[in-house]
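Structural characterization, general
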Amino acid sequence: MKILFVDDERDVEALFRQKFRKEIKSGELELAFAFSGKEALEILGAENPPKFVYVFSDINMPGMSGLQLLEEIKSRFPMMRVSMISAYGDSENYDKAISSGAKGFFTKPVDFERLKEEIAALNEGS
Amino acid sequence: MKGHRGFQMRLSRRVGFLAAFFNLLTVLVSPAQTAEGLTSELRKFENSPGFESDTTYLNKANELGFLLAESNPDSSLVFLNSTILLCREASYKKGEAEALKIYGNALQNTGDFKGSIEHYNTALAIASEIPGEKQVPGILNNIGLVNYYLGNHTQALNNFYDAIKRADLTNNANVKAAAINNVAMIYFEQGKLTEAKEKYRETLAIYQAINNPGRVILAYNNIGDVELRQNNPLEALNTLKIGYRAALELKSPEFIEMTSRTLADIYSALDSLDKAEALFRESISMSRENGYGVPQAHSLIGLADLYYKKGKLAEASGFAKEGLQQAESMAQPMLIRNANELLSRIYEEEGNFAEALQSFKLFKLFNDSINTSQAQRLTASLEAEYEFSKRELEYEKASLRQKWIIFSTIAGLIAFLIILFVGNQNKNRLNKAYHALQEKTAEIEIKNEKLEKALDQLKATQVQLIHAEKMASLGELTAGIAHEIQNPLNFVTNFSELGSDMVQELREERARKPEEQDQSLQDEILADIQVNLDKINHHGKRADSIVKGMLQHSRTSSGEKLPTDINALANEYLRLSFHGLRAKDKTFSADFHTDLDPNLPKAEIVAQDISRVLINLFNNAFYACANAEFRKENPDVKPMVELSTKLVGDTDRRQIQITVSDNGPGIPSAIADKVFQPFFTTKPSGQGTGLGLSLSYDIVKAHGGELKLKSKPGELTTFTIFLPV
């Protein structure tokens, strides 16, 4: 099960890889990282249909913002699950994300337990 | 009836102080001396032969005569007559005129007005023969007073006006003021109170100018009296308090008596009966002691009125009778009239109607004789004014001869002056030029002061504006700063939690049997813990530097230049600007790109100043390419801000070049040279101070560098900073 994380902070990769160490080791999860919206679209577009089952994206990024990326992904891959992770937990961002088709909305600092539950639910659902 | 009586009472009192008034004139001319002192001085003279024709002796005799005429008018006549004769024998005209005048005073004091006026006229005739005619105004004034007493108001006014005119010609301020005072007195009697007060104020001004404390008191007394008559007792009280205090200071019984009498009238009008009584008693006892007959009569009648008001009829009757007797002996018709009016009321209340009727008849008699109608008095004063204007013309004619003499003297003087003037013309011209120069210098100095002041104000305003601009840009930064701190803090939290998890995992692993332990896993966990600790350290420092930068930005510049890593500084503020704008505007979307020269040397700069330049340039760049309006009009343009640094120039003059570009609309060449001007802004009002670029320009200049603008409208805008290494 491949999951893509999009964030302009590069240390996010080290953080998530460690958080999901066990799941990665057991082959349960496969993580990929993109550091901008543009890069995320390149990764997703490399295979058609993409192997990824879930995209988690930061909102506040230079260039394409997370919300723009969300719209882009939803238009190109309507079935792709996308959730937003943002430092700005305001209702304006939340409403915009949900109305654009986001599955969930996580605020930073990330509650990993909630995140793991969200991912675990994928297995049960599929 | 009551008010009318009061009016008459005050009038009569006025006559009282006038009597004291004209006599004082002479006293003040020579130093005041006692009769005893003068008598013994005269005795000494009489030992030397020919003393009778010594003018010093004759002057002294006149001084003594003056005092005697006041204190013992009847018995003074013999002495005065002998002085007249001595002066006549010695052909001492001035002395003779003076002696005749004093004789007139004495007769006036005895009530012989006809004889008084005859002597004054003789004195006047002699005084008119003496060149300078210095005695004339004083004699005219005294004649006017007698005419006034006789009820010849027209003649009296003529005399007073003459006296004023002559006093003006001879520069005799004392007599001028005395005559004005007497004119005021007539205004007062006519009920022209405003004019009367004005005239009294004129006398006050004259007496203050010539520093005559006694007459100043008199003027205050008269002004207060008018104010009381104008039904303004409180104002009168204030005026009289000044006069009374001054009289006490001067220790003059005459003025103390006068002011206490007027004060008593004022307190009586204010119904402060106890205060009024004390003052009336003071006036009576002083009058008795010094022989002021008329004032004594006035105050006795005033006191009687007070007792009448209190309902003590017996005392009232006693004082009224005493006052009436005194008034009769002084031949004061108005006081007699007032006393009779008061007595008729007292008798009436006592039930003594026969006496009441008798008093009332007397009152009526005097009232009718005094009160020639208001119309008659007005006619009299109008006649006087007409006469006066006619006589003024006559004076002008009379003084024509004198004027001729003066004119020829002046003509000679002018001729002399012309010679002098021609001689001094050059000097004058130089003086003039010098003065003009001085004026110019003074003018320039004043202008300089003004300019310096304006400059100071401008400097103060500039400091305030710079502060405001700094605070404004700090405000713009706040949101960016919050985000920039939040991110590293999140990492610190996350990596430290991870660290704990891993330590736990490691413990679990080591709790296994040695043969089951996975050594490579343990190594891996340890390595991860190390990485996490490094990350925590890194992000902690990152937050730290942001806070430090923020503090530095808001702090007043110390002006100290320190070696600074330009790349780090520019990168930090680029991010702050981006996140700040992003936080403020949710729809904000832009990209940025950096091209930093890794071999850039450190630059000696004031970091907080240069950081303000950078934040300004970044904010402007993002605003230009990513504002909502521009994006709506140009949907295909992807907003992009580029930062690059580079080392440029020759080896001996190397510079750091920092460029900030955006792909916004560009700056039209028409306004390109205005952007560095203070207060120039293209933002909607209220959104920009218009100082950002202007201050940036100044800051870069202050670093010995340059700030340049290059723009291609429709394509890009580039600001370039050059800083010396």
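In case you missed it, the structure is sitting above this.
Described below are features of the structure shown in this document. (Residues numbered from 1 in each chain as written. Chains lettered and ligands numbered in written order. Predicted model: local features only at pLDDT ≥ 70, side-chain atom pairs only at ≥ 80, totals over all residues. Heavy atoms only, no water.)

Points about the pattern of salt bridges
Where charged atoms of side chains with opposite charge meet at close range, the side chains can pair. Here is the rule: Salt bridge, as used here: a side-chain nitrogen of Lys or Arg that lies within 4 Å of a carboxyl oxygen of Asp or Glu. Secondary structure elements are defined from DSSP: runs of H or I of at least 4 residues count as helices, runs of E of at least 2 residues count as strands, and each element is numbered from the N terminus. Exposure categories follow from relative accessible area, calculated using a 1.4 Å probe and restricted to protein chains: below 20% of the type maximum is buried, above 50% is exposed, and the middle band is partly exposed.
Per the counting criterion, the structure on display carries 33 salt bridges over all chains. Ionic pairing is found between B:D528 and A:R21, a salt bridge with its closest N-O pair at 2.1 Å. One end of the pair, B:D528, is in helix α21 (residues 519-554); the other, A:R21, is in helix α2 (residues 21-25), on a second chain. Look at B:D528 and you get buried, because its relative accessible area is 17%. Judged by its relative accessible area of 7%, A:R21 falls in the buried class. Taken together, the shared-partner salt bridges connect A:R21, A:K25, B:E524 and B:D528 into one network.

With respect to the sheet that holds strand β1 (residues 2-6) of chain A
Residue and element names in this part refer to chain A. Applied cut-off: A pair of strands is treated as paired once DSSP finds two or more bridges between them. Fitted lines through C-alpha atoms serve as axes, helices being fitted only where they are in contact, and the angles separating the N-to-C directions of these axes extend from 0 to 180 degrees. In this description, contact between two residues means that some pair of their heavy atoms is separated by no more than 4.5 Å.
The strand order β2-β1-β3-β4-β5 describes an open sheet built from 5 strands, whose pairing is parallel. Looking at the sheet topology across the chains shown, the edges are occupied by β2 (30-34) and β5 (104-107). Neighbour-to-neighbour, the strand axes of the sheet open up by a mean angle of 20°, direction not taken into account. Where helix α1 (residues 11-19) meets the sheet, it contacts β1 and β2, and its direction lies at approximately 170° from that of β2.

Looking at the environment of A:A87
Tracing the backbone shows A:A87 in the loop between β4 (81-86) and α5 (91-99). In this structure the C-alpha to C-alpha distance between A:A87 and A:N60, which are 27 residues apart in sequence, comes to 8.0 Å. Residues in contact with A:A87, not counting those within four places in the same chain, are A:K108 and B:H483.

What to know about the interface of chain A and chain B
Stated formally: Polar contacts, as used here, are pairs of N or O atoms within 3.5 Å; protein pairs need one atom able to donate a hydrogen and one able to accept it. Residues neighboring in sequence count only if both atoms are side-chain atoms.
Across the boundary between the two partners, chain A contributes 26 residues, which contact 31 residues of chain B. Where chain A touches chain B, the interface holds 7 salt bridges. Taken together, chain A and chain B are joined by 11 residue pairs in polar contact (both at pLDDT 80 or more). Secondary structure elements with two or more residues in the side of chain A that touches chain B: α1, α2 and α5 of chain A. Tallying contributions element by element places α1(A) first for the side of chain A that touches chain B, with 6 residues.

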